[in-house]
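Chains, contacts and geometry: an overview
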Amino acid sequence: MGSTQKSGPGRQSITPYFTVQTADRLIEFLGAAFGATVVKEDRYEDNRIQHARLLIGDSLIMLNQSTEDYPPNVSQMHIHVENADQTYQLALQLGATDLMAPNDRPHGERMAGIKDPCGNIWWIASPTL
């Protein structure tokens, strides 16, 4: 059986990686909706994102702009936030589309679902009160 290890200080064992057509748009959305901050950013000569790392809360994600060799993909994430209702409304105002209105789930979370402007799915959750 294999074992996992963190790739460095402050990093989790699994890091999601997004490949999207408009990387700058995703970075902008994630910053405004989830408070993401850019940790690292490399660009091609034409200014497209070659590789970026963003920190959302205590989790690192990576992303790049799609190319012929690396076509866009759709990712699906579950994100814990302080207030699912407020984050859901903010995401919609920022250009996300509704997948599921906030509601209390049997597993003890208040959840909502959105599709970000690049087509990725986010399940937004906070503990039920």
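What comes next is a walk through the structure. Every value quoted in this text rests on a predicted model; they were computed, and no experiment measured them.

A word on unusual backbone geometry. For asparagine 47, which is not a glycine, the phi torsion comes out positive at approximately 80 degrees. You can see asparagine 47 is positioned in the loop between β2 (37-43) and β3 (49-56). Residue asparagine 47 is classed as partly exposed on the basis of its relative accessible area, which comes to 46%.

Moving on: the pattern of salt bridges. One pass over the full model with this rule turns up seven salt bridges. In this structure, arginine 25 engages glutamate 28 in a salt bridge whose closest nitrogen and oxygen atoms are separated by 3.4 Å. Taken together, the residues span about one helical turn, with arginine 25 and glutamate 28 both in helix α1 (residues 23-34) at a distance of three residues. The class of arginine 25 is partly exposed, set by a relative accessible area of 28%. For the salt bridge of lysine 40 with aspartate 42, the shortest nitrogen-to-oxygen distance reads 3.4 Å.

On the basis of which strands lie adjacent, the open sheet formed by four strands has the order β1-β4-β3-β2 and mixed pairing. Edge positions in the open sheet fall to β1 (17-20) and β2, since each of these has one partner strand only. Shown here is a sheet whose adjacent strand axes are inclined to one another by a mean of 20 degrees, direction ignored. Across five bridges, the pairing between β3 and strand β4 (residues 59-65) is antiparallel. Each residue of the ladder has a partner; that of leucine 54, found in β4, is isoleucine 61.

Reading the values: the criteria
Residues numbered from 1 in each chain as written. Predicted model: local features only at pLDDT ≥ 70, side-chain atom pairs only at ≥ 80, totals over all residues. Heavy atoms only, no water. Helix = DSSP H or I, 4+ residues; strand = E, 2+ residues; numbered from the N terminus. Buried < 20%, exposed > 50% of the residue type's maximum accessible area, 1.4 Å probe, protein only. Salt bridge = Lys/Arg side-chain N within 4 Å of Asp/Glu carboxyl O. Pairing = 2+ DSSP bridges. Axes fitted to C-alpha atoms, helices over the stretch in contact; angles between N-to-C directions.

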